[in-house]
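Geometric and topological summary
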Amino acid sequence: MTTGTFDTLTAARELEAAGVERRQAEAHALRTAIESTRSDLATRAVLAALEIRLVKWGIGLALGVAGVTAAVVLAGVRLMLGGAI
């Protein structure tokens, strides 16, 4: 996601130079800035999907660590028992 910048002061001055009343020009520039920023915000649905992906990834990571830990413990037990297992 890229975030662009919107210069509200320049936009308001340009509108004012074109004949728009100052308060209206400032309000329009501010509204345009807010609307352009809104498109960069994440929605609740996007955040919920991301949360699900992170939980799945975390569970997978935990299972992987558990598997590696079990393998290391088993290898240590084998070494201590002289490879009898």
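Here the residue index of a chain counts from 1 through its sequence in written order. Local features are withheld for residues below a pLDDT of 70 in this predicted model, meaning they are given only at 70 or higher, and side-chain atom pairs are given and counted only at 80 or more; totals for whole chains, interfaces and linings count all residues. Excluded from the side-chain calculations are hydrogens and water; all other atoms, namely the structure's heavy atoms, are used.

Side note on the pattern of salt bridges
We apply this condition: Salt bridges, as used here, are contacts in which a Lys or Arg side-chain nitrogen is within 4 Å of a carboxyl oxygen on Asp or Glu. Secondary structure elements are taken from DSSP: a helix is a run of H or I of four residues or more, a strand is a run of E of two residues or more, and numbering for both begins at the N terminus.
Summed over the entire model, instances satisfying the criterion amount to one salt bridge. Arginine 22 is the salt-bridge partner of glutamate 26, the closest N and O atoms lying 3.0 Å from each other. Within this pair, glutamate 26 and its partner arginine 22 are both found in helix 2 (residues 22-38), separated by four residues, close to a single helical turn.

Details of the environment of arginine 13
The condition that has to hold: For every residue, the accessible area obtained with a 1.4 Å probe (protein chains only) is divided by the maximum for its type, and the residue is called buried under 20%, exposed over 50%, and partly exposed between those limits.
With respect to the helices and strands, arginine 13 occurs in helix 1 (residues 8-17). For arginine 13, a relative accessible area of 55% corresponds to the exposed category.

Regarding a nonpolar patch on the surface
Formally: Patch membership needs two things, relative accessible area over 30% and no salt bridge, and members are linked within 9 Å if like-charged or within 5 Å if nonpolar (Val, Leu, Ile, Met, Phe, Trp, Tyr). The accessible surface values rely on the Shrake-Rupley method and a 1.4 Å probe; as for residues, cover is taken only from the protein chains in view.
A surface patch of nonpolar side chains, amounting to about 290 Å² of accessible area, comprises Leu47, Leu50 and Leu54. Within the fold, leucine 50 resides in helix 3 (residues 44-80).

Regarding the confidence of the model for the chain
What counts, and what does not: Within a predicted model, pLDDT stands for the predictor's per-residue confidence, ranging from 0 to 100.
Summing up the model confidence of the chain, the mean pLDDT is 85 and the portion of residues at 70 or higher is 92%. The least confident element of the chain, judged by mean pLDDT, is helix 2 at 82; the most confident is helix 3 at 94.

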